[in-house]
Structures are given as structure tokens and as C-alpha cells.
Amino acid sequence: MLTFISRLCGSDSFYRPSVKVTTLVVWLAFYYGFILNFPIVAKIFSLSQDVPDFWFPYTAPFVLLFAFIVIFSIFALPIILKPFFIILTLTSALALYAEHEFHVLFDTSMIENVIETNVSEILFYFNVRSVLYLLGFGVIPSLLLLWVKIEYRPSIFREVAARVILVLVALVGISVIAITTYKDYASVGRNNKYLNRMIIPAHVYDAYKYLRRNYLTKPLPYQSLGDDAKLMPTENGKPTLVVMVLGETARAMNFTDNGYARDTQPYTKDLGLISFKDVSSCGTYTALSVPCMFSNMNRTQYNKAKANAQDNAVDIIAKAGVETLWVDNDGGDKGVAHHTQLINIDPGSDETLCDGNTCFDQVMIKPAKQFIEKDHKNKLVVLHAIGSHGPTYFQRFPVEMAKFAPWCNRKDIEQCTDQEITNVYDNTLVYTDFFLAQVIEQLKGYSKDYNVALMYVSDHGESLGENGLYLHGTPYAIAPKEQTTVPWLLWLPEQYAQQKHIDAACVKQEAQQPNYSHDNFFHSLIGLYGVETKDKQADLDLFSNCHR
């Protein structure tokens, strides 16, 4: 292999065709405009049915071609040309796979999601189909690029002149198309603003924006919140123990408590859970939703840099004298547990519940028990579950617990039928329900020493093929309800309700009200625990109207 690459890159004994750099730019632009961007071209064709100019959609690949000629001419420089375009092409092949197979757009939010995802989660997406995309659209073109000799003109003046002429021709092409079809592009673009996010390789620019924002920008001064936090005393003198289960990729409409026809909650149906029926998420992916929901900012105001530079709900509860623990089984706390005891589950720690890459969520119960039983003090435990993380839904539950069949047991879920995908996803919810029931049973055993309660909220939802969409991460402005509506469940024993002066019947009524969201979470978690602080807004606390 090394000999072959050496020959490709430099051996004169191995035939290598020569090509002028300007010609190579045109070929690269053609490949990106007509091949790698066929999803956006196809989308423009589908959106142009009501456009009067029949030729309008046929101009789309040419607009991309001319635009790429202009952009690529800038980067077609000696030394960097081949490495730059090889990396660009390889990553573009993966972006094409995600966009074409799952309708996932690689904008800044998705870049954040990818960068802040651990290796095991990334491996979920590698399958035969994704490898074929990488080979066919990335590796082979990259090898061809390595193979050819690039010729530069003998003088800088002639090289610059050739580039300028090429760019001018491209600009003329764009101008001609703009003169004849500008109104069509303006109309389609105005009503479908997500189209520019479909362009490949825009992910490179989005990656730059992410890196600049998170690593090249000076952090904001830290703002301390909840310094006045005070835990209200209980009449029975018992310490408070709340377990907050942070779900992953669970969508509200597939929960029986929310009207779903299937029984996806067989284990908790007799435990008296309260379900808040209409809850929207802060984002459509974990890296955004989790720090957002634990911050005091609402969805429209959320700023990650600001969230990282101030206390969150867990921090404020801790300031009231509460011991806190975050147990993570889902690829990281996303910065929320930076002031909290953090346990990241080792996927090799339990042969029964782990396979070396991931673990079933039950694995979190053991470290949580050790923390709870260490002493009897006020405690908050956050269990970050892997829940229904796709596309490998079949790895989220033990086979013997599968309730719905036939179910999809492969990574490339787009090759499964809609019913198989729904079945395997619903099986993940059944296991989540089993896990919640197990945690509640543990809490019941602690009720003699603690006032106990449990809250479950998912970070975002999931698309299962509706309207051709799979997984999550769609930009919020165009995301379907499947990705933005989440379950919010509460187990509120009578002892806890009495000691915290909460009217459980009132909470059940409040849970039927519409238009709750992750905006309520920060204030409601603090309110449920019984912590008072000026930084908690009563109008956003779900329990504020139900105190007695």
C-alpha cells in the first residue's frame, strides 16, 4: 500500500496524467456542483413545480458549479491544494451520506453535535452503506486527485491571469443565471431558508465558526447565581432525595401516558406517574438541549458561552447545602457537571450490562446507590441515560425485553421498513420505562430515611422516517414536532408532596396545560427540590401554583 501511494504521489515510472490547475478547479467544481450536491438540486426540482420558468431548476447545478469555481480558485495553491481538497472531499462524502439517507443538515448546530459526541456514538453511524458512500464519493475521488500531476504556469503573472479569467467567466455565468431566474431563486429561497444549509461543503465553514466561537474566543467573566439559595426545612426532619433522569432521544408522542395507542410504559403504569403532555425542547440535539435546559435562559435567548460562564440548576441546588452527583451513560455531561461530582460510566465495567462500547442504563443504579447510602444528607442525583439513542436502537435494550416485533436490528435504519423502525424505537421506550420503574423501586426503599421523588425529562425527540426524516438535529426553525416534543414525567409520593407542601392533584391538573417547554425546567427542578432563591422565577416553576 505504501509503495502504491508513493507511486501515486511521485514516481515517474508510474504513469500519471498531467492537468492544468485551472482545469482541475473546473473538474472539482463540477464534481461538487453536479455530484456531491445532488440532494439540494433534487430538492430545488421538487420545490419548483409552481415556478413559471421551467428552466429554473436546471440552472441550480450550474450556479453551484460557477460558485465553486470562484471559491476553489482561492484555495488552489501549491502545497495545500491536494491536502485541502482531499480532506474536503472525504468529509463531504460523509455529509452527503447523512444528508441523503437521513436528511440531516451539517450546519453549525450539527457540527457542535458531532464534535461533542464521543467515539462510541460516532461508531453507531458506521455501517456498510456509510462506508460505501465514503469509498465511492470520498476515497476514490481523493485517490484520483493524488494520482494526477498538477501543472502550474511558468510565471506567477500567467497563473494569476488564468485564474482571473476563469473567475470572471464563472461570475458572468452566475450573472446570466441571476438575470433570467433571480425572481425564482428569491421566491424559493425566501420560503425555504434551510436550502443554503444543504450545500456541501458548507460544513467546513460551519466547523470554523464552531471552533472560533468555542476555542478562539475569550471566555466570558463567570457570573455566580443562586448565592442566596436556601433549602426549606421539612416537618418530618428527613433529608431530601431527588433523582433526575435525563432522557435521550425520547419523543413524547410515543408514550402511553400521552395518548399513544401502544403500551410503551408497562412497568410504571401502576406507579402513579404524572405526565406533562405538551412540552417542547430547547434544541434538537444533546449538546444544545442539555446545557440549555439546566441554564436559566430560555430557548430563544440561549447562548452557550454565557451558559458556560454561570451557575446552572444543579449548582444552585448545591449552594443550598445539597450533595449532588451526575452519573453519565450518554457521552458526557455537556459541561453541566463542571462543579458536581461526575461519574462517567465505563463501558467495560460490567460484563452483564455493557458490551465494551455502550451500556444499558441500569448500569447507573449501582454508583447512584453507593452515593445515596454513603450517608443520609440532602442529595440530588442526575442520571444521564442513553435511552433511545439511534441509529442503533437495537443496542439500547436486552433482546429478551423486546416487546414489539419485527424490529430493525441494523445501523442503516433507512433500509428497514417504517414498522420495523417504529418497533425497535418503541422497544427502547419500554426499556426506559423498565429502568424508571427500577429506580423508583430503589427510591421506595429509601423513603424511611429520605423524602424521595423522581423526575424524568428527555433532551429532544426523534424522527423515525416521517416525511423522509430520520434521527434528530434538524435546525429548530424547520424541525418537525417529532424532534421537538419531549416527555416530562414526575413520580411524586404523598410523603414528598406533604413535606414540600405540594398539592399533587393540582400538579396533575397543571400537567394537562399546553405549551410547557425546557424553559420551565431550570425553575421547576429548583422548585421541586424546595430551594428558594431570587434566581428562580415563580411564573416558570411548574409547581409554584400548587403550593399549599
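These figures come from a predicted structure and were not determined experimentally.

*Asks:* Lay out the overall build of the chain with the relevant residues and their values.
*Replies:* Regarding its fold elements, the chain presents 19 helices and 15 strands. Structurally, the chain occupies a C-alpha span of about 90 × 50 × 50 Å along its principal axes. Across the 548 residues of the chain, 55% fall into the buried class. Look at the contacts in the chain between residues 6 or more apart in sequence, and 78% of them connect residues 24 or more apart. Carbon together with sulfur atoms contributes 59% to the accessible area of the chain, which is approximately 24200 Å² in total. Of note, the chain has its 46 positive side-chain charges centred 7 Å away from the centre of its 55 negative side-chain charges.

*Asks:* Describe the UniProt feature "domain: Sulfatase N-terminal" (unreviewed entry) in the chain, naming the residues involved and giving the relevant values.
*Replies:* Sites flagged by UniProt as "domain: Sulfatase N-terminal" (unreviewed entry) map to residues 241–531. Between the C-alpha atoms that bound residues 241–531 there is a distance of 13 Å. The span itself is 29% helix and 16% strand.

*Asks:* Could you give an account of the environment of Glu-112, with specific residues and numbers?
*Replies:* The residue Glu-112 is located in helix H6 (residues 108–115) in this model. The spatial distance from the C-alpha of Glu-112 to the C-alpha of Asp-206 is 9.1 Å, given a sequence separation of 94 residues.

*Asks:* Which residues make up helix H14 (residues 365–373), and what values go with them?
*Replies:* Buried within H14 are the following residues: Ile-365, Pro-367, Ala-368, Phe-371 and Ile-372. Each buried residue of H14 sits inside an arc of 165° when the element is viewed along its axis, so together they form one side. Opposite the buried face of H14, at more than 90 degrees from it, the exposed residues are Lys-366 and Gln-370. On its buried face, H14 is in contact with strand E4 (240–247), strand E7 (323–328), strand E8 (341–344), strand E9 (379–384) and helix H15 (418–446).

*Asks:* An account of unusual backbone geometry is requested, with residue identities and associated values reported.
*Replies:* Geometrically, the link from Gly-390 to Pro-391 is a cis peptide bond, its omega value of 0° lying close to zero. Take Pro-391: it is sitting in the loop between E9 and H15. Each neighbour pair has its own omega, and for Ala-405 with Pro-406 the value is -5°, a cis peptide bond. For Pro-406, the location among the structural elements is in the loop between E9 and H15. Backbone geometry places Lys-334, a non-glycine residue, at a positive phi of 60°. Along the polypeptide, Lys-334 turns up in the loop between E7 and E8.

*Asks:* Go over the packing of helix H2 (residues 21–36) against helix H5 (residues 81–102) with me, naming the residues and quoting the values.
*Replies:* Contact pair H2 / H5: the axes reach a minimum separation of 12 Å and the direction vectors enclose 10°. Relative to H5, the element H2 is oriented roughly parallel. Of the residues in H5, those touching H2 at Val-21, Leu-24, Leu-28, Tyr-31, Tyr-32 and Leu-36 are Leu-81, Phe-85, Leu-88, Thr-89, Ser-92 and Leu-96. For the contact of H2 with H5, the residue count by class is ten nonpolar, two polar and no charged.

*Asks:* How would you explain the nonpolar core if you had to name every residue and give the values?
*Replies:* Core analysis: the largest hydrophobic core is formed by 100 residues, its most contacted members being Phe-72, Val-381, Leu-383, Leu-443 and Leu-454. By residue number, the principal contributor to this core is H15, which donates 13 residues. Ignoring any residue separated from it by four or fewer positions in sequence, one finds Phe-72 in contact with Val-25, Leu-28, Ala-29, Tyr-32, Phe-85 and Leu-88.

*Asks:* Describe the pattern of salt bridges, with residues and values.
*Replies:* One pass over the full model with this rule turns up 20 salt bridges. Lys-377 is the salt-bridge partner of Glu-323, the closest N and O atoms lying 3.7 Å from each other. Of this pair, Glu-323 sits in strand E7 while Lys-377 sits in the loop between H14 and E9; the two residues are 54 residues apart in sequence, bridging distant segments of the chain. Given a relative accessible area of 22%, Glu-323 falls into the partly exposed group. Lys-377 sits in the partly exposed class, given a relative accessible area of 43%. Connected through shared salt-bridge partners, Arg-153, Glu-159 and Arg-163 make up one network.

*Asks:* How would you explain empty space enclosed by the protein if you had to name every residue and give the values?
*Replies:* Going through the model one piece at a time under the given rule, you end up with three cavities of 30 Å³ or more. Of the voids in this model, the largest cavity is the one considered here, and its volume is about 90 Å³. Around the largest cavity sit Val-243, Met-364, Ile-365, Ala-368, Lys-369, Ile-372, Leu-383, Val-439, Gln-442, Leu-443 and Tyr-446, which together line it. Secondary-structure elements contributing two or more residues to the lining of the largest cavity are H14 and H15. In terms of residue class, the lining of the largest cavity is built from nine nonpolar, one polar and one charged.

*Asks:* Which residues make up the confidence of the model for the chain, and what values go with them?
*Replies:* Across the chain, the average pLDDT comes to 91, with 95% of residues at 70 or higher. Confidence drops under pLDDT 50 across residues 1–6; counting only partners more than four residues distant or on other chains, this segment forms one contact.

*Asks:* Quick one: what's the story with the sheet that holds E7, residue by residue and with numbers?
*Replies:* With mixed pairing, the seven strands of this open sheet are ordered in space as E5-E13-E10-E4-E9-E7-E8. Whereas interior strands pair on both sides, the edge strands pair on one side only; in this sheet they are strand E5 (274–276) and E8. The sheet shows a mean angle of 15° between the axes of neighbouring strands, taken without regard to direction. Examined bridge by bridge, E7 and E9 share six bridges and lie parallel to one another. Bridging across to E9, Asp-328 finds its partner in His-384. The strands that H15 touches are E4, E9, strand E10 (451–458) and strand E13 (488–491); relative to E10, the one it contacts most, it runs at about 165°.

*Asks:* Describe the state of the cysteines, listing the residues and the values that go with them.
*Replies:* In protein chemistry, a disulfide is the covalent bond that joins the sulfur atoms of two cysteines. Summed over all chains, the structure comprises four disulfides. Shown here is the disulfide that connects Cys-282 with Cys-292, its sulfur atoms set 1.8 Å apart. Between Cys-282 and Cys-292, the S-S torsion sits near 65°, and that sign places the bridge as right-handed. Placement of Cys-282 in the loop between strand E6 (279–280) and helix H11 (286–294) and of Cys-292 in helix H11 is noted, with a sequence separation of ten residues between them. Neither Cys-282 nor Cys-292 differs from the other in exposure class; each is buried. A sulfur-sulfur separation of 2.0 Å characterises the disulfide bridge that pairs Cys-408 with Cys-416. Between Cys-408 and Cys-416 the disulfide shows an S-S torsion of about 60°. By sign, it is right-handed.

What counts as what
Residues numbered from 1 in each chain as written. Predicted model: local features only at pLDDT ≥ 70, side-chain atom pairs only at ≥ 80, totals over all residues. Heavy atoms only, no water. Helix = DSSP H or I, 4+ residues; strand = E, 2+ residues; numbered from the N terminus. Buried < 20%, exposed > 50% of the residue type's maximum accessible area, 1.4 Å probe, protein only. Contact = heavy atoms within 4.5 Å. Areas by Shrake-Rupley, 256 points an atom, 1.4 Å probe, with all protein chains shown as cover. Lys, Arg positive; Asp, Glu negative; His and termini not counted. Charge placed at Lys NZ, Arg CZ, Asp CG, Glu CD. UniProt positions renumbered as here; feature names shortened; annotations may be inferred. Arc of directions from axis to C-beta. Axes fitted to C-alpha atoms, helices over the stretch in contact; angles between N-to-C directions. Parallel < 35°, antiparallel > 145°, perpendicular 65-115°, else oblique. Nonpolar A, V, L, I, M, F, W, Y, C, P; charged D, E, K, R; others polar. Core = buried A, V, L, I, M, F, W, Y, C linked by side-chain atoms within 4.5 Å. Salt bridge = Lys/Arg side-chain N within 4 Å of Asp/Glu carboxyl O. 1 Å grid on protein atoms, 1.4 Å probe; cavity = no way out; pocket = protein on both sides within 12 Å on 5 of 7 lines; lining within 4 Å. Points joined across faces, edges and corners; volume = space filled by probe spheres on them. pLDDT = per-residue confidence, 0-100. Pairing = 2+ DSSP bridges. Disulfide = S-S within 2.5 Å.

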